Amino acid sequence: MGRTVVVGAGIIGLACAWELTKRGEEVLVLDRGEPGAACSAGNAGWIVPSISTPLPAPGLVGDSVRWMLKRDSPLYIKPRLDPRFAGWMTAFWRNCRTDTYNRGVEALAALNQRTMPLFDQWKVDGVEFEMHHSGLLFLGLSRETVEHAAGEVERLERFGYRRPSILDGNAVRDLEPGLTEHVAGGFLIEDERHVRPESLSAGLVQRLTDSGGEIRSGVEVTGANRRNGHVHAVSTSNGSIAADRVLIAAGAWSGRVAGRFGFELPIEAGKGYSVTIEHPRRTVRRPLDLIEARLAVTPFRDGLRLAGTMELSGLN
């Protein structure tokens with residue numbers, strides 16, 4: 001079939017590389033860092049099609065303005081004189097409309113019909129990773145907040161998702177006994193899952209290399225070599241590498257890598273934050289979505305991770 005060079009060894013790049021290897025493709029993965037590092041290691045690990053919705057959403061502009069006035073808000077936008085960023089922000093705001101949001105929801109819902117079966121197939125393929133089937137529990141400090149969040153999930157009912165049942169404070173404390181009396185209620189989406197991201201990266205790396213795939217760390221892609229209008233090699237910090245096809249999966253850096261290949265990919269870097277407590281004395285039974293705080297709480301076999309905040313500050 002030929003050789004595909006995958007640029008980026010995060011979760012997406014490794015997943016693509018494994019699927020291509022299964023199809024008989026010769027695969028070489030290149031990364032300027034280590035496989036599974038950066039956001040592929042520090043995210044919450046949620047596999048949650050029911051809340052996989054477009055970030056530009058109706059009402060987000062007003063929320064964002066209010067958040068920017070608070071130091072502890074879930075969104076931080078670093079002001080900077082950058083015409084490209086200004087153009088990206090303008091396009092983002094223009095898409096915070098009901099019609100574009102609904103089209104995005106429909107597209108993502110269709111894509112996510114295969115999400116859980118694909119994770120199950122990786123297990124069948126022998127990819128070893130930590131995965132839990134304990135659902136996702138939303139928690140709010142007021143009934144109004146809980147009902148609003150449940151209404152967002154109800155949009156997906158026509159795609160086969162079950163309508164969430166709202167629980168009062170006592171009911172959610174039955175599910176999570178460690179919750180305080182301040183929690184007014186919530187709802188549980190039972191079909192959602194979560195993984196330990198580091199274990200998934202490690203499992204994909206192991207299965208990929210066992211099957212003949214190659215991964216090279218510390219290699220930065222600097223451009224492409226073309227012949228008759230087609231890429232036949234990629235230029236890297238370690239020299240030229242032959243390629244029949246190139247797949248760019250470099251996360252926030254994908255736009256910059258694409259520019260080196262001569263085309264524009266309008267991607268803006270978003271930075272998240274997480275704290276992981278190894279072997280915590282107290283934990284929770286399932287992932288929690290703290291609605292008002294916009295905070296994700298994820299239990300693993302030997303750890304507890306808190307993740308949140310979106311910072312748009314550009315690439316360093």
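Throughout, a residue's number is its position along its own chain's written sequence, starting from 1. Residues qualify for local features only when their pLDDT is at least 70, as the model is predicted, and side-chain atom pairs are given and counted only at 80 or more; totals for whole chains, interfaces and linings, by contrast, use all residues. Side-chain numbers here rest on the full set of heavy atoms in the structure, without hydrogens or water.

1. Looking at the packing of aromatic side chains
Any two aromatic rings considered together are summarised by their centre-to-centre distance and by the angle between their planes. Stacked, tilted and edge-to-face are the three classes applied to pairs of Phe, Tyr and Trp rings, where Trp contributes its six-membered ring and a pair requires centres within 6.5 Å; stacked means planes under 30 degrees apart, edge-to-face means over 60, and tilted covers the rest. Per the stated rule, a full pass over the model turns up six aromatic pairs. An aromatic cluster is defined as three or more aromatic residues linked by ring pairs; in this entry it consists of Phe85, Trp88, Phe92 and Trp93. Geometrically, a charge over a ring is one whose NZ (Lys) or CZ (Arg) sits within 6 Å of the ring centre while staying within 35 degrees of the ring normal. Its end group placed over the ring of Trp253, Arg32 keeps NZ or CZ at 4.3 Å from the ring centre. Between Lys123 and the ring centre of Phe129, over which it is positioned, the NZ or CZ distance is 4.3 Å.

2. Here we look at the environment of Val284
Tracing the backbone through its elements, the reader meets Val284 in the loop between β15 (271-278) and β16 (288-290). Residues Val284 and Val246 lie 38 residues apart in sequence; the distance between their C-alpha atoms is 42 Å. Contacts were defined at the residue level, with two residues in contact if any of their heavy atoms lie within 4.5 Å. Apart from residues no more than four positions distant in its own chain, Val284 is found in contact with Glu176, Val297, Pro299 and Leu304. Secondary structure elements follow DSSP: runs of H or I no shorter than four residues count as helices, runs of E no shorter than two count as strands, and numbering proceeds from the N terminus.

3. A look at the pattern of salt bridges
Salt bridges are defined as contacts in which a side-chain nitrogen from Lys or Arg sits within 4 Å of a carboxyl oxygen from Asp or Glu. What the rule picks out here adds up to 19 salt bridges. We note a salt bridge from Arg162 to Asp191, for which the minimum N-O separation is 2.8 Å. Of the two residues, Arg162 is situated in the loop between α7 (143-154) and β7 (166-168) and Asp191 in the loop between β8 (185-189) and β9 (193-195); the sequence distance between them amounts to 29 residues. Type-normalised accessible area, obtained with a 1.4 Å probe on protein chains alone, sets the label of each residue: buried when under 20%, exposed when over 50%, and partly exposed for intermediate values. For Arg162, a relative accessible area of 55% puts it in the exposed group. Taking the shortest distance from any N to any O, the salt bridge between Glu278 and Arg196 comes out at 3.0 Å. Of this pair, Glu278 sits in strand β15 while Arg196 sits in the loop between β9 and α9 (197-210), and the two are 82 residues apart along the sequence.

4. Quick notes on helix α1 (residues 11-22)
In a regular helix each residue adds 1.5 Å, so 12 residues correspond to 16 Å; α1 covers 17 Å between its end C-alpha atoms and thus fits that length. Where α1 is concerned, the buried positions are Ile11, Gly13, Leu14, Ala15, Ala17, Trp18, Glu19 and Thr21. Tucked into the core, α1 has its buried residues touching β1 (3-7), β2 (26-31), α2 (39-42), α6 (115-125), α9 and β10 (214-217). Backbone geometry just after α1 places Gly24 at a positive phi near 90 degrees. A helix's residues, less one, multiplied by 1.5 Å, set its expected span.

5. Considering the environment of Gly13
Along the polypeptide, Gly13 turns up in helix α1. In the structure, Gly13 is positioned 85 residues away from Thr98 in sequence and 32 Å away in space, judged by C-alpha atoms. With residues up to four places along the chain from it excluded, the contact list for Gly13 reads Val6, Gly8 and Ala249.

6. Digging into the packing of α1 against α9
Working convention: axes come from line fits to C-alpha atoms, limited for helices to the stretch in contact. Angles between N-to-C directions cover 0 to 180 degrees. One way to put it is that α1 packs onto α9 with a least axis distance of 10 Å and a crossing angle of 30 degrees. Considered as vectors, α1 and α9 are oriented roughly parallel to each other. Handedness of the crossing formed by α1 with α9: left-handed. Every residue of α9 that contacts α1 at Ile11, Leu14, Ala15, Ala17, Trp18 and Thr21 is listed here: Pro197, Leu200, Ser201, Leu204, Val205, Arg207 and Leu208. Note on residue categories: nonpolar means Ala, Val, Leu, Ile, Met, Phe, Trp, Tyr, Cys or Pro, charged means Asp, Glu, Lys or Arg, and polar means any other residue, Gly included. Among the residues making up the contact of α1 with α9, the classes are represented as 10 nonpolar, two polar and one charged. Working rule for angles: under 35 degrees goes down as roughly parallel, over 145 as roughly antiparallel, 65 to 115 as roughly perpendicular, anything else as oblique. Crossing chirality is assigned from the near helix's rotation relative to the far helix, an anticlockwise turn below a right angle marking it left-handed and a clockwise turn marking it right-handed.

7. Quick notes on the pairing of strand β11 (residues 221-227)
Each regular strand carries side chains that alternate between the two faces of the sheet. Taken together, the six bridges between β11 and strand β12 (residues 230-236) define a ladder with antiparallel strand orientation. Looking across to β12, one finds that Val221 is bridged to Thr236. The hairpin turn running from β11 into β12, its antiparallel successor, is two residues long, and Asn228 in that turn takes a positive phi close to 55 degrees. Strands qualify as paired when DSSP identifies two bridges or more between them.

8. Points about the sheet that holds strand β14 (residues 245-248)
Each strand in a sheet pairs with another by means of backbone hydrogen bonds, the pair being arranged parallel or else antiparallel. In spatial order, the strands read β10-β2-β1-β14; together these four strands make up an open sheet with parallel pairing. The strands lining the two open edges of the sheet, one partner per strand, are β10 and β14. Neighbour to neighbour, the strand axes of the sheet diverge by 20 degrees on average, direction disregarded. Pairing between β2 and β10: four bridges, direction parallel. Directly across from Asp31, in β10, lies its bridge partner Ser217.

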